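So the chains spell out like this:
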Amino acid sequence: KINIKEMEVEKQLDYEDIVVKLYKVPVKHRCNRNIVGENQQGEVVWQIDDVLPNQDSPFVNINPYSNEKIKASNWIGVDYYVYISDGRIELLPNQRPW
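Keep in mind it's a predicted model, so treat the numbers as computed, not measured.

Rules of the game
- Residues numbered from 1 in each chain as written.
- Predicted model: local features only at pLDDT ≥ 70, side-chain atom pairs only at ≥ 80, totals over all residues.
- Heavy atoms only, no water.
- Helix = DSSP H or I, 4+ residues; strand = E, 2+ residues; numbered from the N terminus.
- Buried < 20%, exposed > 50% of the residue type's maximum accessible area, 1.4 Å probe, protein only.
- Contact = heavy atoms within 4.5 Å.
- Pairing = 2+ DSSP bridges.
- Axes fitted to C-alpha atoms, helices over the stretch in contact; angles between N-to-C directions.

Locating phenylalanine 59 in the fold gives a position in strand β5 (residues 59-64). Overall, the relative accessible area of 3% leaves phenylalanine 59 in the buried class. C-alpha of phenylalanine 59 to C-alpha of isoleucine 48: the two residues are eleven residues apart in sequence and 9.9 Å apart in space. Residues within four places of phenylalanine 59 in sequence aside, it is in contact with Leu22, Asn32, Asn34, Ile35, Ile48, Val51, Ala72, Ser73, Asn74 and Tyr80.

Here it is as structure tokens:
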């Protein structure tokens, strides 16, 4: 198992109270929970849930969506909204998570 803080930051989105970070999962490691929300002091406030625990499907991209949530895409092409304040996940409509 690898500690999230030992991974390289792939992308970062800065908001007023929370910094959302997407971590790059190293080769030969499995981590589907590679998005975190940190406070301005760098402390992890939340870490995303594992939406597909039976599959190796890390998140590969995050993009701004609104002041309340971001859009996150995982390796198998499923998109989710992630709420900035608490990391809660919502599947985008009209998709089929494999």
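On to the sheet that holds strand β1 (residues 8-14). Reading across from one edge, β1-β2-β3-β4 is the order of the four strands in this open sheet, with antiparallel pairing throughout. The outermost strands of the open sheet, each flanked by one partner alone, are β1 and β4 (44-47). Each strand axis lies, on average, 25° off the axis of its neighbour in the sheet, ignoring direction.

A word on unusual backbone geometry. The bulk of non-glycine residues show a negative phi, and the bulk of peptide bonds are trans. Here lysine 28, not a glycine, exhibits a phi torsion of approximately 70°, which is positive. Looking at the secondary structure, you find lysine 28 in the loop between β2 (19-24) and β3 (35-38).

Here we come to the pairing of β2. Along any regular strand the residues' side chains alternate between the sheet's two faces. In terms of burial, β2 is largely enclosed, as five of its six residues are buried. Examined bridge by bridge, β1 and β2 share six bridges and lie antiparallel to one another. Looking across to β2, one finds that valine 9 is bridged to tyrosine 23. Hairpin geometry of β1 and β2 is characterised by an intervening segment of four residues between the two adjacent antiparallel strands. In terms of strand pairing, β2 meets β3 through four bridges, oriented antiparallel.

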